[in-house]
Amino acid sequence: MNRKIINGIISLAIVIAALYGLSRLRFIERSIWIFKTNDMQNARRGGFERGGRGGRDFRARPQDFGGRERQSFENLPDSVRQRLIAERGARVENDSLRQSRAQTVTRERGDFRGRGQGRDFRRGQSVRLVNVGWFFIVFAGFTVVTIYTDMLTKWVKSRKNNKSD
Amino acid sequence: MNRFKLILNILLLIVMLLLMDPRSFYGLEFHEWAGLIIGLFFILHKALNWSWIKKVTVCFFKSSPGRARLNYILDVLLLAGMVLMILSGIAIARTIDFSWMNLGGSGMFWRVMHTSSSFITLALFGIHLGLHWKWVQLRFKFKKVAS
């Protein structure tokens, strides 16, 4: 009996964590992107290619990195842009430096530089498993819900059979 | 054989989770190569359960129990998810040159397809594991086998 209670508590904790993980990873929203083809521009803004740190890259922050604002931001002169970046507390990097670094990284890694022309998508050389952990919890949540649904179905079936006997 | 299947399945799960975020584990290069290899592992997983697939396919509309049908439909969806995931991954690959395959379509379409299919497939994997939980319990000896 004790074991069942402990199992139940653990399962409940997993399901609650998985629900939080679903919203943190925007799991449902991103799962149905493909069915919302009209909304592709939004999808791009929220995708992996936007980058970020510690799981925050899954959250759309149009005020910081949004498409139009970012484009106009990049068109500003370097001096104005650096001042703005300094005010926001972000990293300062001018166009020429960014370009040369992207080329160096590409060459170092022996990329083929085909489609995308060496677009800087290669951040993440280190191991940072925060998001992987959240995916694991969501995965475990689906598993736990299935196990209990299965158990419930079997219990209902056996009860029906008992009644008919 | 069962131990081999168990190890293979655990490996599949770990690699699948590591692949869910390309930035999490040694960047895009690992993501693309491991994505291709996981496809082969998935085929191996299917090959190891080929007798079950054959049996249910033959009897699907006749005498298969409901549970087997549910598992079969789920497996077909998983297969479709894996194919879409790998195909879209090939279309948007950056560190491996697949341009010779000329898959067409916009990069945006394939990217959205890749994200959506991988998320849905992960959820299906979770359900798949849940439906096979007894098998896992037996393999790990969580549950004593009825003599």
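Residues numbered from 1 in each chain as written. Chains lettered and ligands numbered in written order. Predicted model: local features only at pLDDT ≥ 70, side-chain atom pairs only at ≥ 80, totals over all residues. Heavy atoms only, no water.

### A few points about the overall build of chain A
(1) Moving on: Looking only at helices and strands, chain A has 8 helices and 0 strands in total.
(2) Moving on: If you list the helices and strands of chain A from N to C, you get α-α-α-α-α-α-α-α.
(3) Moving on: For chain A, the residues scored as buried account for 30% of the 165 residues in total.
(4) Moving on: Counting contacts in chain A only where the partners sit at least 6 residues apart, residues at least 24 apart contribute 52% of the total.
(5) Moving on: Total accessible area computed for chain A in this model is approximately 11,200 Å², and 57% of it derives from carbon and sulfur atoms. (Helix = DSSP H or I, 4+ residues; strand = E, 2+ residues; numbered from the N terminus. Buried < 20%, exposed > 50% of the residue type's maximum accessible area, 1.4 Å probe, protein only. Contact = heavy atoms within 4.5 Å. Areas by Shrake-Rupley, 256 points an atom, 1.4 Å probe, with all protein chains shown as cover.)

### A short note on the confidence of the model for chain B
(1) Moving on: When pLDDT is averaged along chain B, the result is 86; 96% of the residues meet or exceed 70.
(2) Moving on: Scored as a whole, the predicted complex attains pTM 0.69, and scored at its interfaces, ipTM 0.87. (pLDDT = per-residue confidence, 0-100.)

### Section: the packing of aromatic side chains
(1) Moving on: For the coordinates displayed, the defined rule picks out 10 aromatic pairs over all chains.
(2) Moving on: Centroid distance Tyr 20 of chain A to Trp 134 of chain A: 5.2 Å. Interplanar angle 65 degrees. Geometry classified as edge-to-face. You can see Tyr 20 of chain A sitting in helix H1 (residues 2-24) and its partner Trp 134 of chain A sitting in helix H8 (residues 130-164), a full 114 residues away along the chain.
(3) Moving on: Exposure remark for Tyr 20 of chain A: the relative accessible area of 43% places this residue in the partly exposed category.
(4) Moving on: For Trp 134 of chain A, a relative accessible area of 17% corresponds to the buried category.
(5) Moving on: Measuring from centroid to centroid gives 4.8 Å for Phe 27 of chain A and Phe 119 of chain B, while their planes differ by 40 degrees, and the two rings are tilted. (Phe/Tyr/Trp six-rings, centres within 6.5 Å; stacked < 30°, edge-to-face > 60°.)

### Regarding the nonpolar core
(1) Moving on: Counting residues in hydrophobic clusters, the biggest one holds 28 residues, and the most contacted among them are Phe 27 and Phe 135 of chain A together with Met 16, Ile 38, Leu 122 and Phe 125 of chain B.
(2) Moving on: Mapped by element, the contributors of at least two residues to this core are H8 of chain A together with helix H1 (2-19), helix H2 (27-48), helix H4 (66-91) and helix H5 (107-131) of chain B.
(3) Moving on: Core analysis: the second largest hydrophobic core is formed by 8 residues, Ile 34 of chain A together with Trp 110, Val 112 and Met 113 of chain B among them. (Core = buried A, V, L, I, M, F, W, Y, C linked by side-chain atoms within 4.5 Å.)

### A closer look at the side chain of Thr 115 of chain B
(1) Moving on: Here Thr 115 of chain B shows up in helix H5.
(2) Moving on: Not counting residues within four places of it along the chain, the set of residues in contact with Thr 115 of chain B comprises Arg 30 and Trp 33 of chain A.

### A few points about the pattern of salt bridges
One side chain can pair with another of opposite charge once the charged atoms of both are near each other.
(1) Moving on: Counting across every chain of the model gives 4 salt bridges over all chains.
(2) Moving on: Between Asp 75 of chain B and Lys 46 of chain B there is a salt bridge, with its nearest N and O atoms 3.6 Å apart. Remark: Lys 46 of chain B occurs in helix H2 and Asp 75 of chain B occurs in helix H4; sequence separation between them is 29 residues.
(3) Moving on: Overall, Asp 75 of chain B belongs to the buried group, its relative accessible area being 11%.
(4) Moving on: Each member of the salt-bridge network shares a partner with another, and the members are Asp 150 and Lys 154 of chain A together with Arg 67 of chain B. (Salt bridge = Lys/Arg side-chain N within 4 Å of Asp/Glu carboxyl O.)

### What about the side chain of Thr 143 of chain A?
(1) Moving on: Its place among the elements puts Thr 143 of chain A in helix H8.
(2) Moving on: In this structure Thr 143 of chain A touches Gly 126, Leu 129, Gly 130 and Trp 133 of chain B, once residues within four positions along its chain are discounted.

### Regarding the confidence of the model for chain A
(1) Moving on: Chain-level statistics for chain A give a pLDDT mean of 69 and a share of 45% at 70 or above.
(2) Moving on: Every residue in residues 105-121 of chain A is under pLDDT 50, and counting partners more than four places away or in other chains gives 32 contacts.

### Some points on unusual backbone geometry
(1) Moving on: Despite not being glycine, Arg 26 of chain A has its phi angle at roughly 50 degrees, a positive value.
(2) Moving on: In this structure, Arg 26 of chain A sits in the loop between H1 and helix H2 (27-31).
(3) Moving on: Classification of Arg 26 of chain A by relative accessible area gives buried; the value is 13%.
(4) Moving on: Backbone geometry places Asn 102 of chain B, a non-glycine residue, at a positive phi of 50 degrees.
(5) Moving on: Tracing the backbone through its elements, the reader meets Asn 102 of chain B in the loop between H4 and H5.

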